[in-house]
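Residue-level listing of the chains:
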Amino acid sequence: MLESDAHENGYNVTVRYNDTSRWYSNFRVGESTAATKLLIDKDTDQILGAHLLGPGYAELVNLFGLAIKLGLTTRQLTSFSANYPSIGSDLHYML
């Protein structure tokens, strides 16, 4: 979902933007451009949208897609443990 769609549909949305270009997972592969933008419903803590740009984020967006489809909350996602160092291990900091 786009931020404008969330507002148009009456969601009480918060936007969590992160410039992840200096995070270790990107730094270690020499990437200088990476960012995430997550749309979270303040009332339900559910993820409404996920926009990611960076190396390996194509796989991570699949996890967000599943979370959106299943209606998982950010609290449920942050309880997930991922191997380190990996893009998945950054999930906790994105939320």
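Below is a short write-up of the structure. Remember, it's a predicted structure, so these values are computed and weren't measured experimentally.

Here we come to the environment of arginine 28. When you line up the elements, arginine 28 lands in the loop between α2 (24-27) and β2 (35-41). According to the relative accessible area criterion, arginine 28 is partly exposed, its value standing at 41%. Among all residues touching arginine 28, those that are not within four sequence positions of it are Pro85 and Ser86.

Aromatic rings in a pair are described by how distant their centres are and how their planes are angled relative to each other. In the structure shown here, the tally under the stated rule is 1 aromatic pair. On the numbers, 6.4 Å between centres and 75° between planes, the contact of tryptophan 23 with tyrosine 93 is edge-to-face. With a gap of 70 residues between them, tryptophan 23 in the loop between β1 (13-19) and α2 and tyrosine 93 in helix α5 (residues 91-94) connect regions that are remote in the sequence.

This next bit is on the sheet that holds β1. Across the sheet, which stays open at both edges, the 3 strands sit in the order β1-β2-β3 with antiparallel pairing between neighbours. Both edges of this open sheet fall to β1 and β3 (47-53), since each of them pairs with a single strand only. Here the strands of the sheet are splayed against their neighbours by 10° on average, with no regard to which way each runs. As paired elements, β2 and β3 share 6 bridges and run antiparallel to each other. Opposite isoleucine 40, over in β3, you have isoleucine 47 as the bridge partner. Helix α3 (residues 57-70) rests against β2 and β3 of the sheet, and its axis sits at about 175° to β3.

Thresholds, definitions, all that
- For every chain, the first residue of its written sequence is number 1, and the numbers climb from 1 along that sequence.
- Residues qualify for local features only when their pLDDT is at least 70, as the model is predicted, and side-chain atom pairs are given and counted only at 80 or more; totals for whole chains, interfaces and linings, by contrast, use all residues.
- Each side-chain value is derived from all of the structure's non-hydrogen atoms; neither hydrogens nor water enter the calculation.
- Note on conventions: DSSP H or I runs of at least 4 residues are helices, E runs of at least 2 residues are strands, and numbering of each starts at the N terminus.
- Burial classification: accessible surface area is computed with a 1.4 Å probe over protein chains only, and a residue below 20% of its type maximum counts as buried, one above 50% as exposed, and the rest as partly exposed.
- Note on contacts: a residue pair qualifies if any of its non-hydrogen atoms lie within 4.5 Å across the two residues.
- The criterion for an aromatic pair is that two Phe, Tyr or Trp rings (for Trp, the six-membered ring) have centres within 6.5 Å, with stacked assigned to planes under 30 degrees apart, edge-to-face to planes over 60 apart and tilted to the rest.
- The rule for pairing is simple: two strands pair if DSSP sees at least two bridges between them.
- Axes, fitted as lines to C-alpha atoms, cover a helix only where it is in contact. Angles between the N-to-C directions of the axes lie from 0 to 180 degrees.

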